[in-house]
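# Structure at a glance
Chain residues, written in single-letter form:
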Amino acid sequence: MAAVFPAWIMVTILVLEASLVMGGFQASLKLERRIPLVSHEVELGRLREFDRLRHGRLLQSSGGVVDFPVRGTYDPFLVGLYYTKLQIGSPPMEYYVQIDTGSDVLWIGCNSCNGCPESSGLQIELNLYDPGSSSTSSLVSCSDQRCNAGVQSSDSGCSGQGNQCSYTFQYGDGSGTSGYYVADLLHFSTILEGSMTANSTAPIMFGCSVLQTGDLTKSDRAVDGIFGFGQQSLSVISQLSSQGIAPRVFSHCLRGKNGGGGILVFGEILEPNMVYTPLVPSQPHYNLDLRSISVGGQVLSIDPSVFSTSSSQGTIVDSGTTLAYLADEAYDAFVDAITKTVSQTVRPVLSKGNQCYLITSSVTDIFPQVSLNFAGGASLILNPPDYLVQQNSIGGAAVWCIGFQKIQGQGITILGEIIVLPIIELDRFGLDLCLADLVLKDKIIVYDLANQRIGWTDYDCSMSVNVSANLNSGRTEFVNAGQMSNDGSSPDQLQSIIASLLNMIMLAALLFS
């Protein structure tokens with residue numbers, strides 16, 4: 001027998017759903033463009049200089065999917081970055097930190113910091129961490145096993161004075177930071193089964209910066225600190241994984257259009273077309289085994305030894321780099337092949353040492369597809385907008401330039417990306433290929449540290465994704481992420497709330513009818 005619903009129940013349903021929608025729940029995450037817009041006619045030299053500084057900043061010496069809000073923008077001509085907002089301490093305070101896979105440690109400027117910027121050109125409010133203002137804060141001593149683990153990877157140090165675990169990070173561009181380690185609560189959103197979100201906390205160890213020098217003192221792109229996404233034990237992902245809170249895998253998907261934005265989760269984004277290649281073992285960074293480069297389906301004649309990994313060369317994924325960088329031999333062969341393919345259609349020109357082309361039609365109709373071929377049969381397919389950047393226009397013709405750059409006398413290839421991931425120190429490694437923002441945009445990238453592999457596939461990063469978190473219990477969560485609103489709520493959460501309330505209302509109707 002069909003249940004009869006009183007009119008007040010139906011009105012309540014409609015009002016409830018409307019109030020939820022009007023109450024701040026959004027259909028999609030609106031990632032904020034936090035970097036002032038500038039002219040698109042930015043010289044490649046400026047981008048190379050930005051990358052040089054970025055590369056120099058490499059350090060010398062039972063839960064669910066953890067979801068982080070991503071802010072920032074993709075645009076090769078906006079010298080920007082991607083960053084996220086963390087909540088730390090009791091009561092929790094908010095800090096904006098740059099996402100960086102080139103380092104392991106999370107560090108934040110402290111209230112006693114000398115040289116920390118007081119304002120930011122990103123139009124965000126900077127905060128200094130005060131250990132004395134958090135009821136859950138504690139110092140990390142030299143006898144702490146976490147400090148000892150950091151000593152082995154050169155991420156921490158100890159002097160006899162004060163028994164305080166400390167650090168000093170020096171960067172190749174002359175900047176640096178030093179401070180001491182503290183432990184406190186990290187507050188974060190955990191996406192549980194059914195896409196419901198829960199507020200979670202976990203104790204973590206992180207750096208408290210008391211001194212910053214060089215470019216770290218500048219305010220144009222200042223943030224509160226750096227969020228290291230490396231593989232070592234002091235990285236936040238390693239700490240949360242060891243506590244059984246998050247899997248030892250993280251993923252991101254960064255938009256290359258419509259103002260940028262993207263997704264960042266501790267978990268594995270699942271897509272049917274994902275391809276994986278192994279990480280080169282025993283490397284401090286995310287090194288891949290590049291085997292060859294194809295242009296228009298033809299493999300270039302490059303000695304495979306050019307791409308081999310050693311102490312002086314290799315292929316590294318680096319989303320903190322705007323352009324992509326090739327070893328000398330690979331760069332020359334690559335540019336020659338592109339120019340030969342299009343020379344009958346466009347006019348090749350040199351612009352301040354960069355190989356460019358005068359184009360009067362669509363680049364996708366003229367330029368060939370490029371394939372970077374890695375170990376395990378995984379290929380990273382690049383369409384013309386993935387390796388070309390538009391410079392300016394001359395007499396009605398657009399000037400497009402090769403986005404890959406050559407570093408004289410270096411043997412490392414850098415595949416950068418406009419999020420801040422591995423950062424290369426040029427005087428320590430020779431460059432081979434650096435996958436950059438230009439290359440990795442509009443793709444899901446999975447860093448599977450547990451299985452020592454990296455995967456990718458093309459994707460519209462404005463869409464939601466399915467994420468798997470293999471927890472200690474063996475259970476797997478399949479959830480939607482990436483459409484989180486500014487208050488942490490998602491469309492699926494909204495629908496789940498509505499469905500739960502409808503069930504409650506129907507139960508009430510049966511009880512009181």
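An account of the accompanying structure is given in this report. (Residues numbered from 1 in each chain as written. Predicted model: local features only at pLDDT ≥ 70, side-chain atom pairs only at ≥ 80, totals over all residues. Heavy atoms only, no water.)

Let us look at the overall build of the protein. When its secondary structure is counted, the protein shows 9 helices and 33 strands. Counting over 513 residues, the protein shows a buried share of 57%. When the accessible surface of the protein is split by element, carbon and sulfur atoms take 51% of a total near 20800 Å². (Helix = DSSP H or I, 4+ residues; strand = E, 2+ residues; numbered from the N terminus. Buried < 20%, exposed > 50% of the residue type's maximum accessible area, 1.4 Å probe, protein only. Areas by Shrake-Rupley, 256 points an atom, 1.4 Å probe, with all protein chains shown as cover.)

What follows concerns the side chain of Asp104. As for its placement among the helices and strands, Asp104 is situated in the loop between strand 4 (93–100) and strand 5 (106–114). Arg248 is the oppositely charged side chain nearest to the buried, salt-bridge-free Asp104, at an N-O distance of 8.0 Å. A polar side-chain atom of Asp104 sits 3.1 Å from the main-chain amide nitrogen of Gln232. (Lys, Arg positive; Asp, Glu negative; His and termini not counted. Salt bridge = Lys/Arg side-chain N within 4 Å of Asp/Glu carboxyl O. Polar contact = N/O pair within 3.5 Å; in protein donor to acceptor, adjacent residues only side chain to side chain.)

Here we take up the sheet that holds strand 17 (residues 290–295). As summarised here, the arrangement of the 4 strands in space is 18-17-23-24, forming an open sheet in which the pairing is antiparallel. Two strands in the sheet have a free side with no partner beyond their single neighbour: strand 18 (298–299) and strand 24 (379–382). With 2 bridges joining them, strand 17 and strand 18 adopt antiparallel strand pairing. Among the inter-strand pairings, Val295 is bridged to a residue of strand 18, identified as Gln298. Against the sheet, helix 5 (residues 328–342) contacts strand 17 and strand 23 (370–374), and its axis sits at roughly 20° relative to strand 17. (Pairing = 2+ DSSP bridges. Contact = heavy atoms within 4.5 Å. Axes fitted to C-alpha atoms, helices over the stretch in contact; angles between N-to-C directions.)

Overall, the coordinates contain 17 aromatic pairs when judged by the stated rule. Look at Phe68 and Phe227: their rings are 5.6 Å apart centre to centre, the planes differ by 80°, and that puts the pair in the edge-to-face class. Here the residue Phe68 occupies a position in strand 1 (residues 65–68), and Phe227 occupies one in strand 11 (residues 225–228), the gap between them amounting to 159 residues. Taken as a pair, Phe68 and Phe227 share a single burial class, namely buried. Through successive ring pairs, a cluster of aromatic residues spans Phe68, Phe227, Phe229, Phe250, Phe266, Tyr286 and Tyr447. We note Arg453 situated over the ring of Tyr276; from NZ or CZ to the ring centre the distance is 3.6 Å. (Phe/Tyr/Trp six-rings, centres within 6.5 Å; stacked < 30°, edge-to-face > 60°. Lys NZ or Arg CZ within 6 Å of the ring centre and 35° of its normal.)

Next up on the list: the pattern of salt bridges. Summed over all chains, the structure comprises 9 salt bridges. Of the charged contacts, one joins Arg146 and Asp144 as a salt bridge, the two residues approaching to 2.9 Å between their closest N and O atoms. Classification of Arg146 as partly exposed rests on a relative accessible area of 31%. Note that Asp220 is salt-bridged to Arg221, the shortest N-O span being 3.7 Å. Exposure remark for Asp220: the relative accessible area of 43% places this residue in the partly exposed category. On the accessibility criterion, Arg221 (28% relative accessible area) is partly exposed. Taken together, the shared-partner salt bridges connect Glu268, Asp448 and Arg453 into one network.

On to the environment of Ser371. With respect to the helices and strands, the residue Ser371 is situated in strand 23. Residue class for Ser371 comes out buried when judged on its relative accessible area of 11%. Counting along the chain gives 77 residues from Ser371 to Ser294, while the straight-line C-alpha distance between them is 5.0 Å. If we ignore the near neighbours within four places in the chain, the residues touching Ser371 are Ser292, Ile293, Ser294, Ser379, Leu380 and Ile381. Within polar-contact distance, the side chain of Ser371 engages the side chain of Asn373 at 2.6 Å.

Another point: the pairing of strand 17. When you tally the buried positions in strand 17, you get 5 out of 6 residues, the bulk of the element. Pairing of strand 17 with strand 23, which is carried by 5 bridges, proceeds in the antiparallel orientation. When the sheet's bridge partners are listed, Ser292 is paired in strand 23 with Asn373. Count of turn residues in the strand 17/strand 18 antiparallel hairpin: 2 residues, of which Gly296 carries a positive phi of about 60°.

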